[in-house]
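# Observations on the model geometry
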Amino acid sequence: MISALDDTLLALADPTRRRIFEVLFAGETAIADVATAVGAEQDELSNHMVILEEAGLITRRHKDDREVVAADPGPLEVAAEWINTNRELWAMRSQIEETGPAPAPPQ
């Protein structure tokens, strides 16, 4: 089973999808404008958008006669929490490796 963290990390593993997400930080944007900003063909862009949407990183809606998309940074919180937790654990492990294990208490 793939988790929300897996979906987020997999979606952002591709540089084009990261660029799309960055473009959308400016605000809600028409899909055609996203395609221009990232230099992607419609079919390629559509595939990337599906992956980002399934990961919960973007939302789509119709506005007037066009489709617009917006970034949803919510899933980044799960990824950031995982990264920060593991960063702290790696730092503690590194510190233990540098100083050696704590001495045994006297008996």
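Residues numbered from 1 in each chain as written. Predicted model: local features only at pLDDT ≥ 70, side-chain atom pairs only at ≥ 80, totals over all residues. Heavy atoms only, no water.

The name an unreviewed UniProt entry assigns to the chain is ArsR family transcriptional regulator, from the organism Rhizobium fredii.

This part is about the overall build of the chain. Helix and strand counts for the chain stand at 5 helices and 3 strands. When its helices and strands are written in sequence order, the chain yields α-α-β-α-α-β-β-α. Out of the 107 residues in the chain, the part that is buried amounts to 27%. Put simply, of all contacts in the chain between residues at least 6 apart along the chain, 56% involve residues at least 24 apart. Surface accessibility of the chain: about 7,500 Å² in total, with carbon and sulfur atoms responsible for 54%. (Helix = DSSP H or I, 4+ residues; strand = E, 2+ residues; numbered from the N terminus. Buried < 20%, exposed > 50% of the residue type's maximum accessible area, 1.4 Å probe, protein only. Contact = heavy atoms within 4.5 Å. Areas by Shrake-Rupley, 256 points an atom, 1.4 Å probe, with all protein chains shown as cover.)

We now examine the environment of Ile20. Locating Ile20 in the fold gives a position in helix H2 (residues 15–24). Judged by relative accessible area, Ile20 falls into the buried class, the value being 0%.

With that settled, consider the nonpolar core. By size, the foremost hydrophobic cluster in this structure holds 18 residues, and its most contacted members are Ile20, Leu45, Met49, Leu52 and Leu57. Mapped onto this core, the elements with two or more residues apiece are helix H1 (4–12), H2, helix H3 (31–38) and helix H4 (42–54). If we skip the residues at most four places from it in the chain, Leu52 touches Ala11, Leu12, Arg17, Ile20, Leu57 and Ile58. (Core = buried A, V, L, I, M, F, W, Y, C linked by side-chain atoms within 4.5 Å.)

Now for the pairing of strand E3 (residues 66–71). Here strand E1 (residues 29–30) pairs with E3 via 2 bridges, running antiparallel. Each residue of the ladder has a partner; that of Ala30, found in E3, is Val68. Here strand E2 (residues 58–63) runs beside E3; their pairing, made up of 6 bridges, is antiparallel. Residue pairing for E3: Ile58 is matched across the bridge by Ala71. (Pairing = 2+ DSSP bridges.)

Interaxial distance between H3 and H4 falls to 10 Å at its minimum, and their mutual angle equals 105 degrees. Between H3 and H4, the angle falls in the class roughly perpendicular. Touching Ile31, Val34, Ala35 and Val38 of H3 are Gln42, Leu45 and Met49, all from H4. Taken together, the residues that form the contact of H3 with H4 break down as 6 nonpolar, 1 polar and no charged. (Axes fitted to C-alpha atoms, helices over the stretch in contact; angles between N-to-C directions. Parallel < 35°, antiparallel > 145°, perpendicular 65-115°, else oblique. Nonpolar A, V, L, I, M, F, W, Y, C, P; charged D, E, K, R; others polar.)

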